[in-house]
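Single-letter residue listing:
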Amino acid sequence: MDYFLHIAIVASLYAMLAMSLNFFSGNTGLLSLTHAGFYGLGAYGWALAAANGLSFALAPIIALAAVSLSALVVSLVAFRTRDDYFVIITLSVQMLIFDILNNFSVITNGPLGIRAIPQVPLISSAGGMAIFAVSSALVIYVALWRLNRSSWGANLRGIRDDELMMIALGKPVPRIKTITFLIGAAIAGYVGMLFAQYVTFIDPTSFTISESIVVLAMIVVGGLGSVHGALLAAVALVMLPEALRFFGIPGVAEGNARQMLYGAALVVIMLLRSGANTRVSSL
Amino acid sequence: MGMQLLVNSLYSFLMLALVAASFFLVFKPSKYFHISHAAVIVLSAYTFLFCRTAGLGPLFAGVAALAAATALGSLSELVLYRRLSVSRDAGIKVLVLSLGVYLVVQNILSIGFGDQIQLVDPCNGCLRRVLVGSSFVVSSAQLGNVVIAGTTLAGLLVVWYRTSFGRAARSVSENRELAGIIGVNTNRIILLSVALGSCVAGIAGLLIGFEVGITPTAGFSYLLFAIIAMVIGGNESLLGTIAGALLLGALQSGTAFFIDSKWASTISYVVLIAFLLIRPEGVKSLNLALERR
Amino acid sequence: MSLLEIRKLEAGYGSRQVLFDAVAEVERGQIALIVGPNGSGKSTLLKAIYRQCDFKSANEFSFDALSIAKTPLQRLMRAGLAYVPQHKNVFNRLTGRENLQLALVMRGKPDVPSGLTEQIPEIGRILGRTAGQLSGGQRQLLALTMGLIVRPKLLLLDEPLAGLDERGSSTVAATIRLHQEEYGIAFLIVEHRYKRLIALADRCYGMKLGRTITRLDRAQLQDAHRVDSAMREVFVL
């Protein structure tokens, strides 16, 4: 039973990460590799806030504020670039965040990580966490789906297709991009907070560039811009190693093999889907 | 004390220049960010380790290491990236594809060798000797690396600026369309340049492994350093990239010397971000996209 | 059969068709001129011949008896086809000499011939410097030389006089004439400053809105009135 709860939790967390990344990157075509960084900042934000005695009401606010603030700073820098240079700059931000988490031992305890992370009583049990995680995922799914179908989503896709035209039409493009980016980052931070409470011990190795690539792989596999795609791809990719385990291929479920699988999925999908005329945003 | 800093900077510069030059060769003619280059760097060191534990001689292991690196880079270009190069948004597509390739190769190495840092030893401890100069200290590994890196860089400069291949590669890097009109076989030149760049990356990987050791994920930071050096150096020429490596090397050594070595990479990322903020024209992302056609 | 034979060529860029009825016939060792206003498709015609845009259809479209639409560019080049585009026609970061070496090596021919400086007097000053350091006129001359130096059978030139002054234009005209006489190179030249080159031309085509609407041969070109009225038809709406 615990095993199934675990799967449900992991699947929900990844689903939220994928959907939130898709909300910005999938819709605008600006592929960001900072997602694991925001996820990590949320986790560390909670761990540090809660461990230092902040109440369970205040801690999430502080953590999310930290994530949003970093996202804001990142957006100011990154939005000056486009296409592949945008990816490169988000890549360096991700490395920077990891370095800070890993090196700023005074605050983050560096590679040793943070133990005994306080949990909100409601979700301290596997069952409680599972219910909370799955419900969060569903709420976020509905919210992002509605946003996608609203004029907000239309604006994002307009920016993806012809940013200059959108500006000419008088749309506040920088503001739209920034807010979307912040929403995505905040959700990632929220996932981080849940993750920190689920595992009660975090260290920087959960929030590396490879993790960012994994989430990107999920939204590419699911189809950029599609909320359902992100959700389904995340769940499928989490389930796949587990299913393989049942069919007698052990060891695929663990860390490295799992990442390798995601990398392979990304390669295959990229090769299959890119016809001569597909823009990256319609992958 | 100043002497030690100078020596450290020189060492950093040469090693960074080697990695940066290797990436330049892969990136400039093709205009694609082969992120898998990060895997190419470490693959060579692990191939060497593998051969040594299998009992093979250091010379054979070295050749095998370079061959593996060259093969990974060239095959990725030929079999994978080239397939995407005729499509729209090819730059981003190749980048995303290369992320996948990196993930696969890096994890294979992690599974095969583990994530702990490993030193590459070609000669039973000969690299660990400490040599004391007048007012500085180097290891024999560093000395050997300086010689190899310096020679390789010199050779690269000759090839790039004085041979007909280099001339053709420079023409493809500047204007691929015109190069095709003139009669340059652009696909072949790009492949050769990628192969050469991958081989040099293989050399760099070995040298890094000799001196500080490697982990499967280490390639990524070196890749980013290469990009930083290239951007600082004006993103145009091989010489500029090497000059950028000089600045970056001094910066990293200075940080390690005066503050703490663990912050050297962090400062480098901040420099890249600052550069892209202050001088975004130095990067001309849009121009690159138009140039690719 | 003519060296270059084109009848009713249709071509363009993707879904945008630019040429609807282009005609050109160039004999060996002859100089043909194409004249027309902006948007007439003259540059596109050259690009179509050099396989730089999308071919749609043609009644006849051949170079040296090879079907241009069906023959790969490398093969056409080896058969003696060369092209100098109007813009970005030199490598700015390479020296003049390197630009020429590049043009030559790819054709499997040896290094820059020593007689070059006699044939094209200005070229001496250009060889040692990077193309980016040259003046506009010098760059044009370098680009032209890159086309000439491979001794093609047919050289396609797109606006070779663009940005040149009196002296520069005469130098180019003289160089073209010299290479025609000495090496039997045929030329197909797009140039809307046609007056300078009319004296050289064996044939002149006028294009308008993607169609070739006039053709004047040597005899007719001597008659200034004939030429003027034909040009008026081409340039005036």
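From a predicted model like this one, the values you see are computed outputs, not experimental measurements.

Counting secondary structure elements, chain C contains 9 helices and 11 strands. Computed over its C-alpha atoms, the radius of gyration of chain C comes to 17 Å, within 12% of the 18 Å expected for a compact globule of 237 residues. If one aligns the C-alpha atoms of chain C with their principal axes, the spans along those axes are about 45 × 40 × 30 Å. Relative to its full complement of 237 residues, chain C shows a buried share of 46%. At a minimum sequence separation of 6, the contacts of chain C that also span at least 24 residues come to 67%.

Another point: the overall build of chain A. Across its full length, chain A carries 11 helices and 0 strands. When the helices and strands of chain A are listed from N to C terminus, the series reads α-α-α-α-α-α-α-α-α-α-α. Rg of the C-alpha trace for chain A: 18 Å, near the compact-globule value of 19 Å for 283 residues, within the 12% margin. Counting only C-alpha atoms and orienting by the principal axes, one finds that chain A spans roughly 50 × 45 × 35 Å. Classification of the 283 residues of chain A by burial places 53% in the buried group. Residue pairs in contact within chain A that sit at least 24 positions apart in sequence constitute 77% of those at least 6 positions apart.

Now for the interface of chain C and chain B. In this assembly, 17 residues from chain C lie in contact with 12 residues from chain B. It is helix α3 (residues 96-105) of chain C that provides the largest number of residues to the side of chain C that touches chain B, a total of 5 residues. Broken down by class, the residue content of the side of chain C that touches chain B amounts to 10 nonpolar, 3 polar and 4 charged.

Listed as interface residues are 43 residues of chain A and, on the opposing side, 42 residues of chain B. Of all the secondary structure elements, the ones that give two or more residues to the side of chain A that touches chain B are α4 (83-103), α9 (209-222) and α11 (255-273) of chain A. The leading source of residues in the side of chain A that touches chain B is α4(A), at 14 residues. Residues of the side of chain A that touches chain B, tallied by class, amount to 26 nonpolar, 11 polar and 6 charged.

Formed by 269 residues in total, the largest nonpolar core has its most connected members in Ala18(A), Met218(A), Ala234(A), Val19(B) and Ala20(B). At 15 residues, the largest contribution of residues to this core is made by helix α1 (residues 2-27) of chain B. Residues contacting Ala18(A), with those up to four places away along its chain left out, are Val215(A), Met218(A), Ile219(A), Gly222(A), Ala230(A), Leu231(A), Ala233(A) and Ala234(A).

Another point: the environment of Val90(C). All names here are of chain C. Locating valine 90 in the fold gives a position in the loop between β7 (81-84) and α3. What makes valine 90 buried here is the crowd of 30 C-beta atoms within 10 Å. When the C-alpha atoms of valine 90 and leucine 141 are compared, they prove to be 10.0 Å apart, with 51 residues separating the residues in sequence. The residues touching valine 90, leaving out its near neighbours within four places in the chain, are Asn99, Ala131, Arg139, Leu142 and Ala143.

What follows deals with the pairing of strand β8 (residues 154-158) of chain C. Residues and elements named next belong to chain C. Among the 5 residues of β8, 5 are classified as buried, and the element is accordingly described as predominantly covered. The two faces of β8 match: Leu154, Leu156 and Asp158 on one face and Leu155 and Leu157 on the other face are all buried. Of the strand pairs in this sheet, β7 and β8 are connected by 4 bridges, and their pairing is parallel. Following the sheet pairing, tyrosine 83 is matched in β8 by leucine 156. Judged from the 5 bridges that link them, β8 and strand β9 (residues 186-190) form a sheet pairing that is parallel. Within β9, the residue paired with aspartate 158 across the bridge is valine 190.

Glancing now at the packing of helix α6 (residues 164-174) of chain B against α3(C). With their axes 10 Å apart at the nearest point, α6(B) and α3(C) run at an angle of 100 degrees to one another. Considering their axes alone, α6(B) and α3(C) lie roughly perpendicular with respect to each other. Note on element contacts: α3(C) touches α6(B) through Glu98(C), Gln101(C), Leu102(C) and Val105(C), opposite Ser164(B), Arg167(B), Ala168(B) and Ser171(B).

As a further point, take the confidence of the model for chain C. For chain C, per-residue confidence averages 89 on the pLDDT scale, and residues scoring 70 or more make up 95% of the total. Across the whole predicted complex the pTM is 0.90, and at the interface the ipTM reaches 0.89.

Glancing now at helix α9 (residues 224-235) of chain C. Residue and element names in this part refer to chain C. Given a rise of 1.5 Å per residue, 12 residues ought to cover 16 Å, and the 16 Å separating the end C-alpha atoms of α9 matches this to within 8%. Turning to α9, its buried residues are Val227, Ala230 and Val234. Projected down its long axis, α9 carries its buried residues within an arc of 70 degrees, all on one side. Facing away from the buried surface of α9 by more than 90 degrees, the exposed residues are Ala224, His225, Asp228, Ser229, Arg232 and Glu233.

With that out of the way, let us pick up the packing of helix α2 (residues 35-51) of chain A against helix α8 (residues 173-199) of chain A. Residue and element names in this part refer to chain A. Direction vectors running N to C along α2 and α8 enclose 50 degrees, while the axes themselves pass 7 Å from each other. By the criterion of interaxial angle, the relationship of α2 to α8 is oblique. α2 and α8 meet at a crossing whose hand is right-handed. Contacts between α2 and α8 involve His35, Phe38, Tyr39, Gly40, Leu41, Gly42, Ala43, Gly45, Trp46 and Ala47 from the first element and Ala185, Ala188, Gly189, Tyr190, Val191, Gly192, Met193, Phe195 and Ala196 from the second. Per-class residue counts for the contact of α2 with α8 are 13 nonpolar, 6 polar and no charged.

Before going further, it helps to examine unusual backbone geometry. We note that Lys31(B) has phi near 65 degrees; this positive angle belongs to a residue other than glycine. Within the secondary structure layout, Lys31(B) lies in the loop between α1 and α2 (37-53). The exposure class of Lys31(B) is partly exposed, given the 19 C-beta atoms found within 10 Å. Positive phi values are uncommon outside glycine, yet Asp64(C) reaches one of about 50 degrees. Residue placement: Asp64(C) occurs in the loop between β5 (60-63) and β6 (66-67). Residue classification places Asp64(C) among the partly exposed residues on the basis of 18 C-beta atoms within 10 Å.

Before going further, it helps to spend a moment on the arrangement of the chains. For this structure, the chain pair with the highest number of contacts among 2 pairs of chains in contact is chains A and B. Contact between chain A and chain C is absent, and the least distance between their C-alpha atoms amounts to 12 Å.

Moving on, we get to the environment of Phe48(B). Residue and element names in this part refer to chain B. On the secondary structure map, phenylalanine 48 appears in helix α2. Accessibility expressed as a C-beta count within 10 Å gives 29 for phenylalanine 48, which makes it buried. Remark: the alpha-carbon pair of phenylalanine 48 and arginine 176, spanning 128 residues in sequence, is separated by 36 Å. The residues touching phenylalanine 48, leaving out its near neighbours within four places in the chain, are Ala61, Gly62, Ala65, Val120, Leu206 and Gly209.

Let's shift gears to the pairing of strand β11 (residues 211-217) of chain C. Residues and elements named next belong to chain C. Here strand β10 (residues 203-208) pairs with β11 via 6 bridges, running antiparallel. Residue pairing for β11: glycine 206 is matched across the bridge by threonine 214. Hairpin connection of β10 to β11: 2 residues between the antiparallel strands, including leucine 209 at a positive phi of 50 degrees.

Conventions we followed
- Residues numbered from 1 in each chain as written.
- Chains lettered and ligands numbered in written order.
- Predicted model: local features only at pLDDT ≥ 70, side-chain atom pairs only at ≥ 80, totals over all residues.
- Helix = DSSP H or I, 4+ residues; strand = E, 2+ residues; numbered from the N terminus.
- Rg over C-alpha atoms; globule rule 2.2 N^0.38 Å.
- Buried ≥ 20, exposed ≤ 12 C-beta atoms within 10 Å, placed from the backbone.
- Contact = placed C-beta atoms within 7 Å.
- Nonpolar A, V, L, I, M, F, W, Y, C, P; charged D, E, K, R; others polar.
- Core = buried A, V, L, I, M, F, W, Y, C linked by C-beta atoms within 7 Å.
- Pairing = 2+ DSSP bridges.
- Axes fitted to C-alpha atoms, helices over the stretch in contact; angles between N-to-C directions.
- Parallel < 35°, antiparallel > 145°, perpendicular 65-115°, else oblique.
- pLDDT = per-residue confidence, 0-100.
- Expected span 1.5 Å × (residues − 1).
- Arc of directions from axis to C-beta.
- Left-handed = near helix turned anticlockwise from the far one by under 90°.

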